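Each chain, written out:
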Amino acid sequence: MKYTIACFMAFCVAGGVSAQNKSEVALKAKINGIVSKMTLEEKIEMLHGNALFSSAGVSRLGIPELTCDDGPLGVREEIKRFDWASANWTTDSATFLPNGSAIAATWNPVMANRYGVVIGEEANARKKNVMLAPAFNICRMPLCGRTYEYYSEDPYLNSQLAVQSVKGIQSQHVAACIKHFAANNQELNRDSVNTIVDERALREIYFPAFKAAVQQGNAYTIMSAYNKLNGYWCSENDYLLNKVLKNEWGFKGAVISDWGGVHHTVAAANNGLDIEMGSSGPYDQWYFAQPLLKAVKEGRVPVKTIDDKVRRILWVIYHTSMSTNHPKGSIATAAHAKAAYDIASESIVLLKNDNHLLPLKAGNIKSIAVIGDNAVRTFALGGYGAGVKAKYEVTALAGIKSRFGKIASISFAQGYKANYLASNSDEQNRGYDQPDQKLIDEAVARAKTSDVAILCIGSNREYESEGHDRKSLELPFGEQALVNAVSAVNPNTIIVIMAGAPYDLNDIKKNNHAVVWSWFNGSEAGNALADVLKGVVNPSGKLPFTFPVSLKDSPAFALNTYPGKGATAEYKEGILVGYRWYDTKKIQPEFPFGYGLSYTDFSVNHFSADKTTYGKNETIRAKFTIKNTGSRYGAEVVQLYVSDPVCSVLRPEKELKGFKKIFLNPDETKIVELDVKVSDLAFYDEGKKSWNTEAGEYILQLGNSSRNISKTVKIRVK
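Residues numbered from 1 in each chain as written. Predicted model: local features only at pLDDT ≥ 70, side-chain atom pairs only at ≥ 80, totals over all residues. Heavy atoms only, no water.

(A) Representation of the overall build of the chain. The secondary structure content of the chain amounts to 19 helices and 27 strands. Computed over its C-alpha atoms, the radius of gyration of the chain comes to 26 Å, within 12% of the 27 Å expected for a compact globule of 718 residues. Restricting the contact set of the chain to residue pairs at least 6 apart, pairs at least 24 apart contribute 77%. Here the chain displays about 27,100 Å² of accessible surface, and carbon together with sulfur accounts for 51% of that area. For the chain, the separation between the mean place of its 82 positive charges and that of its 74 negative charges on side chains is 5 Å. (Helix = DSSP H or I, 4+ residues; strand = E, 2+ residues; numbered from the N terminus. Rg over C-alpha atoms; globule rule 2.2 N^0.38 Å. Contact = heavy atoms within 4.5 Å. Areas by Shrake-Rupley, 256 points an atom, 1.4 Å probe, with all protein chains shown as cover. Lys, Arg positive; Asp, Glu negative; His and termini not counted. Charge placed at Lys NZ, Arg CZ, Asp CG, Glu CD.)

(B) Here's a closer look at the pattern of salt bridges. Scanning the entire structure with this criterion turns up 46 salt bridges. Glu 78 serves as the salt-bridge partner of Arg 126, at 2.7 Å between the closest nitrogen and oxygen. Residue Arg 126 is located in the loop between helix H4 (109-125) and strand S4 (130-131), and its partner Glu 78 is located in the loop between strand S3 (66-69) and helix H3 (100-105); the two are separated by 48 residues in the primary sequence. Pair check on accessibility: Arg 126 and Glu 78 agree, each one buried. Counted as one network, the salt bridges with shared partners bring together Asp 154, Arg 580, Asp 644, Arg 651, Glu 655 and Lys 657. (Salt bridge = Lys/Arg side-chain N within 4 Å of Asp/Glu carboxyl O. Buried < 20%, exposed > 50% of the residue type's maximum accessible area, 1.4 Å probe, protein only.)

(C) Fine view of the packing of H4 against helix H12 (residues 334-347). Running from amino to carboxyl end, H4 crosses H12 at an angle of 150°, the nearest separation of the two axes being 10 Å. By the angle between their directions, the pair H4 and H12 is classed as roughly antiparallel. Considering the relative orientation of H4 and H12, their crossing is left-handed. Residue-level inspection shows Met 111, Arg 114, Tyr 115, Val 118, Glu 121 and Glu 122 of H4 in contact with H12, the latter providing His 336, Lys 338, Ala 339, Asp 342, Ile 343 and Glu 346. Split into classes, the residues belonging to the contact of H4 with H12 amount to five nonpolar, one polar and six charged. (Axes fitted to C-alpha atoms, helices over the stretch in contact; angles between N-to-C directions. Parallel < 35°, antiparallel > 145°, perpendicular 65-115°, else oblique. Left-handed = near helix turned anticlockwise from the far one by under 90°. Nonpolar A, V, L, I, M, F, W, Y, C, P; charged D, E, K, R; others polar.)

(D) Seen up close, the sheet that holds strand S6 (residues 194-196). Spatial ordering of the open sheet is given by S9-S8-S6-S17, a layout of four strands whose pairing is mixed. In the strand order of this sheet, the two ends are held by strand S9 (232-233) and strand S17 (568-570), each with one partner. In this structure, S6 lies alongside S17, joined through three bridges in parallel fashion. Residue Asn 194 lies in a different strand from S17, and its bridge partner there is Thr 568. (Pairing = 2+ DSSP bridges.)

(E) Quick look at the pairing of strand S13 (residues 409-413). Taken together, the five bridges between strand S12 (residues 367-371) and S13 define a ladder with parallel strand orientation. What sits directly across from Val 370, in S13, is Phe 412. As for the winding sense of the linkage, the β-α-β connection from S12 through helix H13 (residues 396-404) to S13 is right-handed. (Right-handed = clockwise from strand over helix to strand, strands pointing away.)

(F) A look at the sheet that holds strand S21 (residues 634-643). A sheet is described by the order of its strands in space; here five strands give the open sequence S19-S27-S26-S21-S22, paired in mixed fashion. Edge strands, defined here as strands with exactly one partner in the open sheet, are strand S19 (613-614) and strand S22 (655-664). Both S21 and strand S26 (residues 696-705) contribute to a ladder of five bridges, which runs antiparallel. By the bridge assignment for S26, Ser 643 is matched with Ile 699.

(G) Region of the structure containing the side chain of Thr 195. In this structure, Thr 195 sits in strand S6. Looking at Thr 195, its side chain comes within polar contact range of the side chain of Asn 227, at 3.5 Å. Of the polar contacts made by the side chain of Thr 195, one reaches the backbone oxygen of Lys 228; its length is 2.9 Å. If sequence neighbours within four positions are ignored, Thr 195 has contacts with Ala 183, Asn 227, Lys 228, Leu 229, Asn 230, Ala 569 and Tyr 571. (Polar contact = N/O pair within 3.5 Å; in protein donor to acceptor, adjacent residues only side chain to side chain.)

(H) Fine view of unusual backbone geometry. The omega angle of the peptide bond from Asp 70 to Gly 71 is -15°, so this bond is cis rather than trans. Position of Gly 71 among the secondary structure elements: in the loop between S3 and H3. With omega at 5°, the peptide bond leading from Phe 181 into Ala 182 counts as cis. Along the chain, Ala 182 falls in the loop between strand S5 (175-181) and S6. At Asn 218, a position not held by glycine, the phi torsion is positive, near 55°. You will see that Asn 230, though not glycine, has its phi angle at about 50°, which is positive. Take Asn 230: its relative accessible area is 33%, and that puts it in the partly exposed class.

(I) Spatial organisation of the environment of Ser 321. Within the secondary structure, Ser 321 sits in the loop between helix H11 (303-319) and H12. A relative accessible area of 28% places Ser 321 in the partly exposed class.

(J) Examining the environment of Glu 655 more closely. Relative to the helices and strands, Glu 655 resides in strand S22. Taking the C-alpha atoms as reference, Glu 655 lies 9.8 Å from Leu 700; in sequence the two are 45 residues apart. At 3.0 Å, the side chain of Glu 655 and the side chain of Arg 651 are in polar contact.

(K) Region of interest: the packing of helix H14 (residues 437-448) against helix H15 (residues 479-489). H15 packs onto H14 with a crossing angle of 25° between their chain directions and a minimal axis gap of 9 Å. Classed by the angle they form, the pair H14 and H15 counts as roughly parallel. By crossing handedness, the relation of H14 to H15 is classed as right-handed. Packed against H14, whose contacting residues are Ile 440, Ala 443, Val 444, Ala 447 and Lys 448, the element H15 presents Ala 481, Leu 482, Ala 485, Val 486 and Val 489 at the interface. Broken down by class, the residue content of the contact of H14 with H15 amounts to nine nonpolar, no polar and one charged.

(L) Here's a closer look at the packing of aromatic side chains. The full count for this structure, using the stated rule, is 35 aromatic pairs. An angle of 75° between the planes, with centres 5.0 Å apart, marks the rings of Tyr 420 and Tyr 463 as edge-to-face. One end of the pair, Tyr 420, is in the loop between S13 and H14; the other, Tyr 463, is in the loop between strand S14 (452-458) and H15, and 43 residues separate them in sequence. With a relative accessible area of 13%, Tyr 420 lands in the buried category. Seen from their ring centres, Trp 519 and Phe 545 are 6.2 Å apart, and the 70° between their planes marks the pair as edge-to-face. Of the two residues, Trp 519 is situated in the loop between strand S16 (514-518) and helix H17 (525-534) and Phe 545 in the loop between H17 and helix H18 (555-558); the sequence distance between them amounts to 26 residues. (Phe/Tyr/Trp six-rings, centres within 6.5 Å; stacked < 30°, edge-to-face > 60°.)

(M) Structural context of H11. Compared with an ideal rise of 1.5 Å per residue, which puts 17 residues at 24 Å, H11 spans 24 Å between its outermost C-alpha atoms and is within 8% of the ideal. Extensive coverage of H11 is indicated by the burial of 13 of its 17 residues. (Expected span 1.5 Å × (residues − 1).)

(N) Representation of the state of the cysteines within the structure. Scanning the entire structure with this criterion turns up zero disulfides. Distance from the sulfur of Cys 68, which forms no disulfide, to the nearest cysteine sulfur (Cys 177) is 7.8 Å. Classification of Cys 68 by relative accessible area gives buried; the value is 7%. In this model Cys 234 remains outside any disulfide bridge; the closest cysteine sulfur is found in Cys 177, 14 Å from its own. Taking the relative accessible area as the measure of exposure, Cys 234 reaches 0% and is therefore buried. (Disulfide = S-S within 2.5 Å.)

(O) The arrangement of the confidence of the model for the chain in detail. On average, the chain scores 96 in pLDDT, and the residues at 70 or more come to 98%. Confidence drops under a pLDDT of 50 for residues 1-13, and excluding neighbours within four residues, the segment shows zero contacts in the predicted structure. (pLDDT = per-residue confidence, 0-100.)

Below is the structure:
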């Protein structure tokens, strides 16, 4: 009987593969038939934008335009076809989803997938074929203006989340456009900087999430970055686009330029770019328009190269707008709001709770002072880059009133002015970092007479913005002075920081008992935050990047490689990015990678591997038990790091190779398994141009942050 079932299953699997192959063969034949009917002029028309967010189809052959839209925070409002002004639609209000580092802070691929499904459904409702998301460049240094948009400093965490985001978006027959390929790790001078990155660092740090999104997520499109990589613009980089992406990884889809990120016609065409996009016309004068037509006629770009680009675009179209059983989509639904709430709830990180002030004990609280501009600020829009015309956005104050308003009187004081605009010059923004004593005095007065003060500080979408980097780690707007003043008069002060990137929290960590990190956390941000403060939700977020004690501790600053000398930024730290640097160099962080507290406690025991010695093609099956030893339902993220103590090359102190978010009731115990392929223990050998898993001893390390390892097991690789 078992044999019969096994044979039947094998037949089904083989049949499924065969059907899939037949479908791909049929599609390839159909696409080839279309290309054979096209004129050269029609082909060229498909390779460049014909409006801000579209490129041409071929109407006589029934091929529609390829339409795209921003972005990582949700589907942006409709704009006019040829300029950035609003189209003033009344039907384009969308769900504002938590920012990238918030999604990463969930440490939960399920949440990344749900994010993707919402993006895809709302894109379909707006008839967008390509969503310019997700963005997951490595957080190399803490000041990057797009850290809030990106995920993490770790390539493995990035990979797990990127794959699920892509799968979620594309489950709705919408193309994910993964970005920005590659090494786009600073906004300052982003459109001119030449990043010098050795191949090992590229392979181990900057490529893995893109590779996973292509090979495991089957991403339909990818966006080339603005910068140069090792001397060549990313939009015309033969190593990146042809050798690695298309030939080595087998990418089937289309490479789209960042807007205005193309510099030459022939080099870009021959070196792998497929579609040129930009912000203004005349469109027929772009590099991939009349100049490309001329270059083909002169023999400088082969016709077969043009045909390959057209086939790739048609492949994307047949997987999106011309796919069978294409979903209708939906926008700003209750289900989407629930997804935004769940992601936000899992993303919030409890940084400190020394006196167990949290969760707030409702029966003991009669008055709450909510203080800070961020308590009433929304984050769906602001600064440069993609925003969302949110159907609604619950502020922190609104969330706190909805959860505590029936049991306590709630007052508000602004506390500080966020006088900063991304579009202003430094001179125009002068004084933004100065405290406002009048507002501080008003806040102190509120705090003095309240049982609890909830101080909402941090950043906003103007201060953290595409197009520029922050100049320091300091909290903006004179917020530290406000924190000091309020904390001095009310010992029950809870610091809530809303931001998307690391800041200097040294004084707050030292002098405050309760510290909560929220993010630019979407349409339901205020409700999620209030439920964490009340204990309806037990916080389970973990930091997706290291918070340094000082900027000089960060590798890019320690080695004086940011923003670079002249137009060149040399990544001298190599593979030692993020916690790899801090742990290897024994530098104490302010808060380590993977850190986050809970309202309950967990114990981890019985950590083991299924064998002591492994071959290089085997899989390590690690196992442990975890128990919720506290009194509340909650979740722990158990993180599996691996170290290679004796190696022929420099290896980091430890590297994340697995993790699992585990939800447990009080006193509940679970047995958990984490699998790691032995081949994933390899380093990239630049001399041999291949991966090398050296024989010898490795140490498996289990913990709940990169600095809190509770169990270790030694194994050997033959």
